[in-house]
Each structure stands twice: as C-alpha cells, then as structure tokens.
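Residues per chain are reported as follows:
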Amino acid sequence: MTVAGDMWLGTARGRPLATVVLLLGCAGLAMGQQLVKGPFSGQLIDMRNGTLRVVTILEAPFTMKEKTADGSYKYTGFCVDMINELSRMLKFDYDLYEVPDRTYGAMTDDGEWSGMVGQLVNDKADIALAAFTITSERERYVDFTERYMDYGIGFLMKRSNKEKQNYFAFLLPFQPVVWACLLAAIFVVAIMLFITSRIRIKLNIANPERDNDRQFNIRNSIWFAYGSLVRKGVEPAPRSLPVRIMAGTWWLFGLIVISTYTANLTAFLTVKRLEQPIRSIDDLAKQTEIAYGIPTGGGLYSFFRSQQGTGTIYELMWNYMNTEPTTFVKGLTGGVERVRQGEFLFMYDTPMLEYLIKKDPNCELMMVGKPFRQLGYGLATQTSNRLSHEISLGILHLKENGKITELRDRWWPKVGCSMDGSESEAAAEGLALDSFVGVYIVVAVGGALAMVAALAEVSWHSYCNNRPNVPTQQEDTNNTVSEQRKLTEEVLRGIDNGTLQILIRKTPPVIDTCPAHNGGPPDIKSDGKFV
C-alpha cells in the first residue's frame with residue numbers, strides 16, 4: 001500500500017471506491033507535492049518537490065562550518081556526512097540552514113517552542129539535523145527517527161595542576177591488610193626458626209661441628225627473616241636441615257613479594273593521580289564548594305526544570321542553580337569558557353565533551369565522575385508523515401553496514417589529551433590479599449615441611465637414645481675434644497673480660513757442670529739445676 005493510501009485509510013473506510021480516489025486526487029493537487037518512491041519499503045514518501053528543508057545547529061563535531069579556498073563556507077561534520085549518506089540512499093536533495101536562536105528547543109513560559117523544535121512545529125523545516133536528544137516531551141510535538149548514537153550526561157571540569165599529596169605513596173602498591181600480613185609473617189617465621197633451633201639444642205640433636213642452631217636466638221631470627229624479605233644477605237646462615245627448609249621457602253616467598261611490589265610500585269609512581277572531588281551525581285549534589293551549571297534552552301534544562309516537586313537530588317540541584325544566576329550558560333561554548341575560569345563544573349553530553357577534551361590545545365579540561373541519564377540522539381521531523389519512518393530505515397541500514405561507526409571514528413580523534421586529566425590513560429590499583437594467597441600457601445607448606453623434618457629428627461634421636469649403647473673410642477675422643485673446646489672457649493672469654501691474665505717470664509738456661517751419664521754432655525733443666 002502507498003503512503004497516500006496509508007494516510008487516507010482511516011478516513012475512507014465505508015466510503016465508495018470512487019470517493020476514495022477522488023479524495024486522493026484532490027489532496028495531491030491541493031498540496032502540490034511530488035511523491036517519490038522510497039528504496040526500502042516500496043512506499044511513497046513526501047519529498048516536497050525533491051528538496052527538504054533541514055535545520056541544524058553548530059556543535060562540533062556533529063555540525064561545523066569550514067572556510068573554503070574561495071572564501072565561502074561549507075558545512076562539515078558527523079551529521080553532515082550522515083545526511084549525505086541518507087540523501088544518496090533515499091534519493092532526495094536538501095537545503096541546510098542554521099537555527100536562528102542557536103538552541104535545540106524547549107517549551108517557553110507562554111507555551112511556544114524555541115530552537116529547532118520550534119522550526120519543525122511552525123513548518124519552517126522538514127528535518128532537524130543535530131545531536132538531538134530524544135525526549136518524551138519533544139516526542140509529543142515532533143517525530144523522532146531511530147537512534148544513531150547513545151550517550152550520557154558527563155561532568156566537565158578544569159584540570160587541577162595540584163596533585164594529590166601522599167607522603168606514604170610507597171605503601172600504595174599493597175593494601176593495608178597485605179602489609180599487616182607481611183609484618184605478621186616476619187614474626188611468625190622468626191618464631192618458627194627460633195623454636196626449631198631450641199628444640200634441636202634441647203634434645204642435643206644439633207651437631208656442634210656442623211650446625212649453628214645456637215646462633216638462632218629470637219633476635220637473630222627476626223633479623224634473618226626481615227633481611228631475607230628485603231633481599232639482603234644476613235647472618236647467621238642456616239646449616240641444619242629444618243632451618244634450611246624454612247629459610248628456602250621464606251626466600252622464595254620474599255622473591256615473589258618483592259618482585260610484585262616493585263612492578264606495582266613502578267605503575268603507581270609513573271601514573272599521576274589527580275584529585276577528583278566529584279565522582280558521581282550524588283557527590284555533586286551534596287557539595288557546595290564547586291559551582292555547577294547547564295546550558296539554557298535544551299533538553300537537559302527541560303529535564304531539571306521538570307524535577308520540581310519530585311523530592312529527588314535533581315530537584316535539589318535545580319533549586320541550587322535557580323539561586324545562582326551564573327550557573328546557566330549559553331550553549332556548549334559558554335559552558336566551556338566558564339569551566340576554563342576554574343571552580344566550575346559543566347554538565348553536558350559526553351560525545352561533545354570527549355571531542356573537546358581530546359582537541360584541547362592546553363589539555364586543561366577533563367571529565368570527572370560517572371555519566372548519568374543514558375539517552376540517545378536522533379533526527380526529528382514534523383508529525384503525521386512517513387518521513388521519519390523512511391529515515392529510520394536508512395539509519396538502521398547505516399548502522400548495520402558499519403557506516404555510523406566509520407563516521408564516528410572519522411570525526412572523534414583517537415589520540416590527544418587524557419580524559420581524566422592524568423598523564424597516562426592507564427591506572428593502577430592496589431593489590432588485594434587474594435593476589436598473595438598462593439605465596440602464603442608456599443610459606444605454610446615450607447613451615448609444615450620444616451616441622452616435619454624437626455619431628456623426624458626428634459623421633460630418630462629418641463629412638464637412638466633408648467637403645468642400649470656402649471660408648472666407642474671415637475665417641476670418647478669426640479667428648480674429650482668437646483670438653484677441651486669448652487675449656488678453650490672459657491679461657492678466651494676470661495681473657496676478653498679481664499678476669500684471667502697470662503704472665504710469661506723468660507729465664508736463661510743453666511748448664512749442668514756435672515758429668516752426664518755415659519760420658520755424654522750435661523743436661524740442662526729449665527729450673528737451673530743439673531741432672
């Protein structure tokens with residue numbers, strides 16, 4: 001069925017066929033319109049003699065003016081490329097002009113529409129081409145096409161040159177619970193080293209010629225655990241098997257912890273973290289230090305105005321903005337100028353804000369917080385015609401073949417200033433405790449193995465002591481050497497503390513004048529006597 005047939009179907013029901021044909025002919029002559037066949041649905045669409053009146057508003061990168069070589073101006077941008085694709089697809093021409101009041105459109109106090117909505121309602125335009133937000137209030141007076149882009153409302157602020165100070169930045173790579181567990185691990189390992197050594201000494205398992213368990217007192221054990229964790233060589237070096245097992249697993253634990261800490265610390269030190277006081281719409285509504293505002297005469301303005309009496313945070317924000325005259329600015333340009341002055345937050349559509357931040361020559365703009373109000377852009381037409389339907393089909397076709405994505409990649413820069421105001425797009429996060437469960441398990445297994453080894457030594461020693469045994473000559477020799485060694489240590493200790501002195505006196509030898517036995521030479525005695 002044709003568009004004309006669709007339009008007259010409801011009013012022609014029950015009438016003779018000749019009446020319907022007559023009505024269609026009169027309507028076509030009275031309107032003086034050319035009916036052109038659309039390429040998708042096979043239906044007829046009204047093209048107003050093949051040329052459509054398209055109203056737009058200048059807003060980068062959707063619609064912009066560019067000066068040509070001959071001194072004239074031409075329109076460029078995302079929306080211009082999109083309408084060109086649609087005109088080729090739907091076989092129509094268009095005349096593009098700017099809206100006189102440079103606004104999208106909002107209901108005034110006298111019930112009239114301003115901006116591009118007013119151009120459509122007053123039959124001055126056939127299509128509104130821009131980043132036109134689809135709202136229920138506008139939908140009552142104009143027809144919207146299929147969404148060609150989704151977006152949210154973002155927060156634009158001036159970048160702060162003052163970085164957030166943190167004198168304990170070296171602790172940032174790990175969360176506090178991780179640091180607490182590391183400190184506890186040092187003392188636990190030290191206590192385990194101390195207990196293992198004391199048990200071996202108490203049961204006389206340690207070999208004095210090889211082991212050094214006596215040196216692992218509580219002080220040396222703590223120092224050994226700390227020094228090993230920070231990868232510094234410390235004494236005493238473990239010699240017994242249980243202590244070596246514990247030390248080996250602790251060294252592996254320290255290697256993993258220090259390597260992870262170093263890598264994460266590098267990320268924290270290279271990423272500049274700027275202070276962002278606003279992280280959500282709730283933070284913005286609750287604070288009073290930073291002023292905020294919106295453009296007048298747009299969809300966002302109508303949204304906040306409609307929140308009166310709702311008791312939401314949007315009503316609270318609207319009441320604040322009404323008491324501050326400087327919070328309402330003239331369009332996107334006025335909002336950006338106000339933001340550059342400092343201490344002001346501007347709320348606007350995220351696609352335009354992303355473009356401005358990326359193209360900012362001084363990189364002094366940034367987006368903060370999480371966007372709110374997920375909405376969409378569409379083209380608008382007058383009501384009660386099939387034009388919006390045909391354009392919607394064309395937009396769907398452009399989205400399906402990837403043309404919309406191609407146009408967005410063409411007009412939005414991929415490189416430029418950082419969106420959050422930092423020097424790097426990357427961000428590092430503190431490592432949680434679950435990232436270290438594995439290495440703690442390694443230490444636990446190592447401690448368990450050390451205890452098993454200690455218990456095995458204790459069991460073997462007890463078994464050997466319970467057997468009747470006669471000391472061998474070698475054991476007697478070892479005991480004698482051990483006693484001599486203890487005596488030597490006591491003598492040296494007495495010399496060191498001054499309780500023992502050694503007096504050395506040298507006397508000349510005395511020659512024995514008596515004849516020696518068997519006619520040999522006389523013997524000489526150290527006490528001066530002859531033998």
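These numbers were taken from a predicted model, which means no experiment stands behind them.

**A few points about the overall build of the protein**
Secondary structure summary: the protein contains 17 helices and 15 strands in total. Burial statistics for the protein: of 531 residues in total, 41% are counted as buried. Considering only contacts in the protein between residues 6 or more positions apart, those separated by 24 or more positions represent 69%.

**Focus on the pattern of salt bridges**
Oppositely charged side chains are able to pair whenever their charged atoms sit close together. Counting across every chain of the model gives 16 salt bridges. For Arg53, the salt bridge goes to Asp126, with nearest N and O atoms at 3.3 Å. Pair noted here: Arg53 is in strand S3 (residues 51-56) and Asp126 is in the loop between helix H4 (115-121) and strand S7 (127-133), with a separation of 73 residues, a long-range link. On the accessibility criterion, Asp126 (5% relative accessible area) is buried. Put simply, Glu146 and Lys399 hold a salt bridge, and the shortest N to O gap is 3.6 Å. A residue pair is termed long-range when its members are at least 10 positions apart, and Glu146 in the loop between strand S8 (143-144) and strand S9 (149-158) and Lys399 in helix H14 (residues 387-400) qualify at 253 residues. Using a relative accessible area of 31% as the deciding quantity, one classes Glu146 as partly exposed.

**A short note on the packing of aromatic side chains**
We describe a pair of aromatic rings using the distance from one ring centre to the other and the angle between the two ring planes. Summed over the entire model, instances satisfying the criterion amount to 27 aromatic pairs. Seen in terms of ring centroids, Phe62 and Trp412 are 5.3 Å apart; in terms of plane orientation they differ by 80°. Their pairing is edge-to-face. Of this pair, Phe62 sits in the loop between S3 and strand S4 (64-67) while Trp412 sits in the loop between helix H15 (403-411) and helix H16 (437-466), and the two are 350 residues apart along the sequence. Like Trp412, Phe62 is buried. A connected cluster of aromatic rings, assembled from ring pairs, spans Phe62, Phe78, Tyr148, Tyr151, Tyr377 and Trp412. Over the face of the ring belonging to Phe303 we find Arg373, whose NZ or CZ atom lies 3.8 Å from the ring centre.

**Some words on the side chain of Arg338**
Within the secondary structure, Arg338 is located in helix H12 (residues 331-340). For the buried residue Arg338, which engages in no salt bridge, the nearest side chain bearing the opposite charge is Glu324, 7.3 Å off. With residues near it in sequence (within four places) discarded, Arg338 still touches Thr326, Val329 and Phe344.

**Here's the deal with the environment of Pro361**
Relative to the helices and strands, Pro361 is located in the loop between helix H13 (350-359) and strand S13 (365-381). Through-space distance from the C-alpha of Pro361 to that of Gly416 is 9.0 Å; in sequence the pair is 55 residues apart.

**Notes on H14**
Along an α-helix, a turn takes 3.6 residues, which lines up residues three or four apart on a common side. If you check H14, its first and last C-alpha atoms are 20 Å apart, about what 14 residues at 1.5 Å a residue would give, namely 20 Å. Inspection of H14 places Leu387, Ser388, Glu390, Ile391, Ser392, Gly394, Ile395 and Leu398 among the buried residues, and these make up the whole buried set. Immediately beyond the C-terminal end of H14, within one or two residues, lies Gly402, with a positive phi of roughly 80°.

**Notes on the packing of helix H6 (residues 176-202) against helix H7 (residues 218-229)**
For the pair H6 and H7, interaxial distance at closest approach is 8 Å and the crossing angle is 135°. The orientation of H6 relative to H7 falls into the category oblique. For H6 against H7, the interelement crossing comes out right-handed. Counted together, Ile186, Phe187, Val189, Ala190, Ile191, Leu193 and Phe194 of H6 and Ile218, Ser221, Ile222, Phe224, Ala225, Tyr226 and Leu229 of H7 form the full contact between these two elements.

**Regarding H6**
Its 27 residues place the ends of H6 39 Å apart at the C-alpha level, agreeing with the 39 Å of an ideal helix rising 1.5 Å per residue. Taken together, the buried positions of H6 are Val178, Leu182, Ala185, Ile186, Val189, Ala190, Met192, Leu193, Thr196, Ser197, Arg200 and Ile201. At the exit of H6 stands Asn204, carrying a positive phi of roughly 60°.

**Description of unusual backbone geometry**
The omega angle of the peptide bond from Ala60 to Pro61 is 0°, so this bond is cis rather than trans. The backbone phi angle of Asp123 is positive, close to 60°, even though this residue is not glycine. Inspection of the secondary structure puts Asp123 in the loop between H4 and S7. Its identity is not glycine, yet Cys363 carries a phi of approximately 50°, on the positive side. Topologically, Cys363 is positioned in the loop between H13 and S13. Using a relative accessible area of 30% as the deciding quantity, one classes Cys363 as partly exposed.

The rules behind these values
- Per chain, residues are indexed from 1 in the order of the written sequence.
- Note on the predicted model: pLDDT of at least 70 is required for a residue's local features to be given, and 80 or more for side-chain atom pairs to be given and counted; whole-chain, interface and lining totals, by contrast, use all residues.
- Side-chain numbers come from the whole structure's heavy atoms, not from hydrogens or water.
- Secondary structure elements are defined from DSSP: runs of H or I of at least 4 residues count as helices, runs of E of at least 2 residues count as strands, and each element is numbered from the N terminus.
- Only protein chains enter the accessibility calculation, which uses a 1.4 Å probe; a residue is then buried when its area is under 20% of its type maximum, exposed when over 50%, and partly exposed in between.
- Whether two residues are in contact is decided by their heavy atoms: any pair within 4.5 Å suffices.
- A pairing counts as a salt bridge when a side-chain nitrogen of Lys or Arg comes within 4 Å of a carboxyl oxygen of Asp or Glu.
- Within 6.5 Å between ring centres, the rings of Phe, Tyr and Trp (the latter by its six-membered ring) count as paired, and their orientation is classed by plane angle as stacked under 30 degrees, edge-to-face over 60, tilted in between.
- Both a distance and an angle decide whether a charge sits over a ring: NZ of Lys or CZ of Arg must be within 6 Å of the ring centre and within 35 degrees of the ring normal.
- Two residue types count as positive, namely Lys and Arg, and two as negative, namely Asp and Glu; His and chain ends fall outside the count.
- How far a helix is expected to stretch is found by multiplying one less than its residue total by 1.5 Å.
- To get an axis, fit a line to the C-alpha atoms, keeping to the stretch in contact for a helix; angles then go from 0 to 180 degrees between the N-to-C directions.
- Working rule for angles: under 35 degrees goes down as roughly parallel, over 145 as roughly antiparallel, 65 to 115 as roughly perpendicular, anything else as oblique.
- In a left-handed crossing the near helix is turned counterclockwise from the far helix by less than a right angle, and in a right-handed crossing that turn is clockwise.

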